[in-house]
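Commentary on secondary and tertiary structure
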Amino acid sequence: MLLAFENVKKAYHDGSGAIPVLRGVSFSLDAGQTLALTGDSGSGKSTLLHIAGGLEAADSGHVHVAGQEVTGLDDRGRSDLRRSQIALVFQQFNLIPSLTVAANIGFHAALSGRDDPARIARLVAALGLQDQLHKYPEALSGGQQQRVAIARALAARPKLLLADEPTGNLDETTAADVIEEMLALVAMDGTGLMVVTHSAKVAARMDRGLRLTGGLLE
Amino acid sequence: MTATPEAGAVIGAPHRTRPRMIGPCLRALLSHWRRNPLQLFAFLAGLALATALWSGVQAINAEARASYDAAAATLGEGQYDQLLPRSGDRIAQARYVALRRAGWLVSPILEGRLNGVRLVGVDPVTAPAGLGGVSIAEEPASAVLGPSGRLFADAETAQRLGDLVDITVDPNVAPGLAVGDIGAVQALLGRGDLSRLILLPEQPLARPALAEIAPELLVQPSSQSADIAQLTDSFHLNLTAFGFLSFCVGLFIVHSALGLAFEQRRGMIRTLRALGTPLRFLVALIAAEMLALAAIGAALGVLLGFLIAAALLPDVAATLRGLYGAQVSGSLQLRAEWWLSGFGLALFGTALALAGRIWRVARMPLLAGGRPRAWVAAHAARLRLQAGAALALLAAAAVLAFLADDVLTGFVLLGCLNLGAALALPPIAERVSRMLQPWRRTPVWRWFWADTRQQLPGLSLALMALLLAVSANVGVATMVSSFRLTFVAFLDQRLAPELFVRVETAQESAALETYLLGRGLEVLPLRRAPAQIAGLPARLMGVRVGPTYRDNWTFVAADADVWDRVEAGSAVLLNEQLARRADLWPGDVVALGEGLSLPIAGVVGDYGNPTGQVVLSHAVFERLHPDRFARQFGVRTASPAALRAEISAALGLPANAMVDQAVVKTASLRVFERTFLVTDALNLLTLGVAGFAILMSLLTLADQRVPQLAPVWALGLTRRQLGGLELLRAVVLALIVYLCALPVGLALGWVLLSVVNVAAFGWQLPIYLFPYDYALLGLYALAAAALAAAWPAWRLARTPLGALLKVFSNER
């Protein structure tokens, strides 16, 4: 089992008290499997993804990623986990603006000690980024930036790829292309993929789908 | 649904992976500077300027102190008790021999001048270790001792003495001083007597009393000698204060550049964290990166400081010579004490600025949306905090204005005033822009003020720096100009006689007085003698009271019939320095020696002179020092040039023994102007640094302006109009700063004149206002702001259309 949630709960606090976001979520994802997580705005999709990626801690329950219990890890432990086992793709791309496309793509791999120029070259070719390598992110279109983000994520050979609205900022055609390319690449490596999306088309391309409503899985 | 974790998955060993992370993370962090070279330049230049002005001033101070120390070590000043003549300035050599025979462990010193060089003769055999410089002890006795013995001086002084004497160049000897065996100096000066005797610290218990062997000598304790280092301390403290002010202004630039760099790297830091960089590791890396950059900026600053100090040192040396008679070397050495202090302070300043930013990074939630300029949102809360701190500091300054009575509390008061005013500026500017916005109903006017408010967070540090610079300029201009007015009036009263004549012997003195009185002229002979008044070193001045004194001298404090009482010998005058140091005022009685005590009738202002003085009538002076003749005469005459020629012809006095009033006045004013040359230079540099701060802030903010300006451009304002408004905004903000700086500067001037000057120099000056100078300074400040804004505004006016259009693109 690559990813497992067991009765995970999470609430946010504001001046008026606790606002529950996840009310006891349990599910699992196997290696090589793809999963779409859908739901209305504010249903807790992104929170769930962040907990899976070790970006946030759950209030209770258990989360396992690649055999590692995430729930009790401190910042250093969660950072190590993200660096070595997980990759993230965001709606806003989150590229480093002062690094070239090439440096951005190689960044996570270098950080995790899995720098592999041949693999990076294959990813660059697969995503059609050959002519963009020396440019800076600001010179790229949204679709190109998201491709760079996907290349960066997969260059690090993660076991689990988490994508938060990866096509939210892209037009329909570009979105479809990006999703196809991402699916082809994760299938090649046997990487597990969980995608948070509003798009029914994107969700339909995944092996499985889960819908989150009011902090609970339907 | 229940899930079981897969066993055997491995997370990379964290501690071994740390070194591997350094390279990519550091490359990412540094790439920001590569893409934003202006920010890097602002940071390094700000730090370099701050360090330069601070370390430059410290270099000057260190050089001066080294000169004082060398002089003190050579002359024993402030280190040993000494025996001095009660009257006159010479001790017979026989008296020294008698004291040694009686068991007194004393060592003779002879001082005199040759070719403008101070010659000091010491006895290497009896002198305490270290006195006279190191080299004397190291040289063979045959080369040093005796009438033909060698002298020691630094290269500059050796050159001045030329071939007159055999000299060994020794850089350890104080500037303007040549030291050698007393026999050699006696031979050079043509004297057989001594100037003073140093009392060695260890003395035999059984020895006859001084009064039995040498009743004409008195003991001067070491703590009561007029140590030149003590005298000049205030001057150096003033320089240090200016250096520190400049450092603070420079640090504003650093703070501003640092804040912007952190703000712009906020997204990058989040990404690095999301990709698995631990927070502590990242914080340590950022701190190391910034401190390494700070070290580069500080090193550049120290280098620049050396150049500034080298340029200013000759003027400072001249000032110290003119004001205090202190000899300071005109050449600069790279001393660890100043470059280390500059380097350390720069690193400390950066670390301080860094600490707050890093604290924010550590608290920054990993997932908060990448909100550019999140600081604007936090600005309102910070403004309230700033306003509170400003009020507290200004209240502290108000309290200190009543309490401060020494230099240190004076500077604390200045610090509270400056910092309080600087912190108050952003809330005031915010308030002003809110008040002006509804004044006119045109949309551009309203947008202009709303946009100005939006710019304030990014510009506030630069504006605060400008406020500090302008208020310092107003304050110092007030002090210097008030001092100048007072000093000129003082010169007019003190230099009323049209001709001054100096004589060397008692015979010349008597002949001159007789000659001048015979011609029916008003003659003002001046007799002087050193004295201890209320335990402080001072000088007695015997004067013949006449119309010139009565008509010209003005008093800081006085009883009735001052001059009548002084003339009658029933009272004396004190100069302000002595009155303040000894806390003696009209009505108090002062002991003058020889069992004579007289009341004080008045206290006179005496500017530019560090020594305490007691003015008394000729008759009283005669009673105390019958052997002291008048060496200086002031003469009232309508034709000084003709009188000079007549005196020269009649008495054979050399031409250089007589000097016109105009020459003395000019020379005095020149000393005065040089005194404040350094202050003026530092003032200008501070204003320049503040202008630079504005330029850097505007340039570094320029990229963020495009999304803010694009909508206004789309609504119909041209890029040229936008550029013009940008320029106008800088000028308007500078005007607000100037209007705030003016009262702060005047308060600063008052503190300098009424608190710091009194504590530092011993005199209080009346405050005068100079509206024309202030208006001119205001124009300079506006011009500096306009100049600083010109380039960013020009760049804005030429923003490519594509950049503006991109703001509206969905894919931006």
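Here the residue numbering is sequential within each chain, running from 1 through the sequence in written order. Chains and ligands are labelled sequentially in the order written, the chains with letters from A and the ligands with numbers from 1. Under the rules for a predicted model, residues below a pLDDT of 70 receive no local features and side-chain atom pairs below 80 are neither given nor counted, while totals for whole chains, interfaces and linings still include all residues.

**Overview of the overall build of chain B**
Helix and strand counts for chain B come out as 26 helices and 18 strands. Within chain B, buried positions represent 44% of all 812 residues. What counts as a contact is two residues whose backbone-derived C-beta atoms lie within 7 Å of each other. Partitioning the contacts of chain B with sequence separation of at least 6, the portion at a separation of at least 24 is 82%. Helix numbering and strand numbering both begin at the N terminus, where a helix is a DSSP run of H or I of at least 4 residues and a strand a DSSP run of E of at least 2. Buried means a residue has 20 or more other C-beta atoms within 10 Å of its own C-beta, exposed means 12 or fewer, and partly exposed covers the counts in between; C-beta atoms are placed from the backbone.

**Section: the overall build of chain A**
In terms of regular secondary structure, chain A is built from seven helices and 10 strands. For chain A, with 218 residues in total, the buried portion stands at 52%. If you take every contact in chain A between residues at least 6 apart in sequence, the share linking residues at least 24 apart comes to 72%.

**Structural notes on the nonpolar core**
Residues and elements named next belong to chain B. In these notes, a nonpolar core means any group of buried Ala, Val, Leu, Ile, Met, Phe, Trp, Tyr and Cys residues linked to one another through C-beta atoms within 7 Å. Ala465, Leu466, Leu467, Ile694 and Val737 are the most contacted members of the largest nonpolar core, which has 209 residues in total. Ranked by the residues each element gives to this core, the list is headed by helix 24 (residues 719–761), at 21 residues. Setting aside its immediate chain neighbours within four residues, Leu466 contacts Ala690, Ile694, Ala734, Val737 and Ala781. Leu540, Leu574, Leu616 and Met658 belong to the second largest nonpolar core, which has 44 residues in total.

**What to know about the pairing of strand 2 (residues 106–114) of chain B**
Residue and element names in this part refer to chain B. Two strands pair if DSSP finds at least two bridges between them. In terms of strand pairing, strand 2 meets strand 7 (residues 196–199) through four bridges, oriented antiparallel. Bridge pairing links Ile109 to Arg196 in strand 7. Direction of pairing for strand 2 relative to strand 3 (residues 117–122): antiparallel, over a ladder of six bridges. Along strand 3, the bridge assignment pairs Gly112 with Leu119.

**Describing the pairing of strand 13 (residues 572–575) of chain B**
Residues and elements named next belong to chain B. Burial along strand 13 is two-sided: the residues Val572 and Leu574 and Leu573 and Asn575 are all buried. Pairing of strand 13 with strand 15 (residues 596–604), which is carried by four bridges, proceeds in the parallel orientation. Following the sheet pairing, Leu574 is matched in strand 15 by Val603. Of the pairings in the sheet, the one linking strand 13 to strand 16 (residues 612–617) comprises two bridges and is antiparallel in character. Paired with Leu573 across the two strands is Val615, which belongs to strand 16.

**A word on the sheet that holds strand 2 (residues 17–29) of chain A**
All names here are of chain A. Strand order in the open sheet made by the four strands is 2-1-4-5, with antiparallel pairing throughout. Taken across any chain shown, the strands that pair with only one partner, and hence form the sheet edges, are strand 2 and strand 5 (68–69). With two bridges joining them, strand 4 (residues 60–65) and strand 5 adopt antiparallel strand pairing. For Val65, the partnering residue across the bridge sits in strand 5 and is Gln68.

**A few points about the sheet that holds strand 7 (residues 160–164) of chain A**
Residues and elements named next belong to chain A. Judged by pairing direction, the sheet is mixed, and its six strands sit side by side in the order 6-7-8-3-9-10 without closing on themselves. Lying at the two open borders of the sheet, with one neighbouring strand each, are strand 6 (86–89) and strand 10 (216–217). In this structure, strand 7 lies alongside strand 8 (residues 192–196), joined through five bridges in parallel fashion. Across the sheet, the residue bridging to Leu160 is Gly192, located in strand 8.

**With respect to the packing of helix 15 (residues 443–494) of chain B against helix 24 of chain B**
Residue and element names in this part refer to chain B. The contact between helix 15 and helix 24 brings their axes to 5 Å, and the two run at 35°. Between helix 15 and helix 24 the crossing geometry is right-handed. Class assignment for the residues of the contact of helix 15 with helix 24 results in 22 nonpolar, nine polar and one charged. Interaxial angles span 0 to 180 degrees and are taken between N-to-C directions of axes, which are lines fitted to C-alpha atoms, for helices over the stretch in contact. Here is the rule for handedness: rotate from the far helix to the near one, and if that takes an anticlockwise turn smaller than a right angle the crossing is left-handed, while a clockwise turn gives right-handed. For this scheme, ten residues count as nonpolar: Ala, Val, Leu, Ile, Met, Phe, Trp, Tyr, Cys and Pro. Four count as charged, namely Asp, Glu, Lys and Arg, and the remainder, Gly too, count as polar.

**With respect to helix 14 (residues 407–436) of chain B**
Compared with an ideal rise of 1.5 Å per residue, which puts 30 residues at 44 Å, helix 14 of chain B spans 42 Å between its outermost C-alpha atoms and is within 8% of the ideal. The angle separating two fitted axes, one through the seven residues that finish at a residue and one through the seven that start at it, defines the bend at that residue. Along helix 14 of chain B, the largest kink reaches about 35° and is centred on Leu425 of chain B; proline Pro426 of chain B follows within four residues of it. Each helix should span, by expectation, one fewer than its residue count multiplied by 1.5 Å.

**Brief notes about the packing of helix 14 of chain B against helix 24 of chain B**
Residues and elements named next belong to chain B. Interhelical geometry of helix 14 versus helix 24 gives an angle of 170° and a closest axis separation of 10 Å. When the axes of helix 14 and helix 24 are compared, the pair comes out roughly antiparallel. For the pair formed by helix 14 and helix 24, the contact residues are Val407, Gly410, Leu413, Leu414, Leu417, Ala421, Leu425, Ile428, Ala429 and Val432 on the first element and Leu733, Ile736, Val737, Cys740, Val744, Ala747, Leu748, Val751, Val755, Val756, Ala759 and Ala760 on the second. Split by residue class, the contact of helix 14 with helix 24 holds 21 nonpolar, one polar and no charged. Angles below 35 degrees are treated as roughly parallel, those above 145 as roughly antiparallel, those between 65 and 115 as roughly perpendicular, and all remaining angles as oblique.

**Describing the environment of Leu677 of chain B**
One can find Leu677 of chain B in helix 23 (residues 677–714). Between the C-alpha atom of Leu677 of chain B and that of Leu312 of chain B, which follows or precedes it by 365 residues, the distance is 8.8 Å.

**What to know about unusual backbone geometry**
Residue and element names in this part refer to chain A. At Ala66, a position not held by glycine, the phi torsion is positive, near 50°. By secondary structure assignment, the location of Ala66 is in the loop between strand 4 and strand 5. A positive phi angle, close to 50°, is found at Arg157, a residue other than glycine. With respect to the helices and strands, the residue Arg157 is situated in the loop between helix 5 (142–155) and strand 7. Classification of Arg157 by C-beta neighbours within 10 Å gives partly exposed; the count is 17.

**Notes on helix 24 of chain B**
Roughly 35° is the biggest bend found in helix 24 of chain B, and it falls at Leu752 of chain B. One or two steps after helix 24 of chain B, the chain reaches Gly762 of chain B, where phi turns positive at roughly 90°.

**Side note on the environment of Leu485 of chain B**
If you trace the backbone, Leu485 of chain B turns up in helix 15. In this structure, the C-alpha to C-alpha distance between Leu485 of chain B and Ile767 of chain B, residues 282 residues apart in sequence, is 9.7 Å.

**Quick word on the confidence of the model for chain B**
You can read pLDDT as the predictor saying how much it trusts each residue, on a scale of 0 to 100. Residues of chain B with pLDDT of at least 70 account for 85%, and the chain-wide mean is 80. With pTM at 0.66, the complex prediction returns an ipTM value of 0.84.

**Quick word on the environment of Leu739 of chain B**
Residues and elements named next belong to chain B. Secondary-structure assignment places Leu739 in helix 24. Taking the C-beta count within 10 Å as the criterion, Leu739 has 13 such neighbours and is therefore assigned partly exposed. In the structure, Leu739 is positioned 269 residues away from Val470 in sequence and 9.9 Å away in space, judged by C-alpha atoms.

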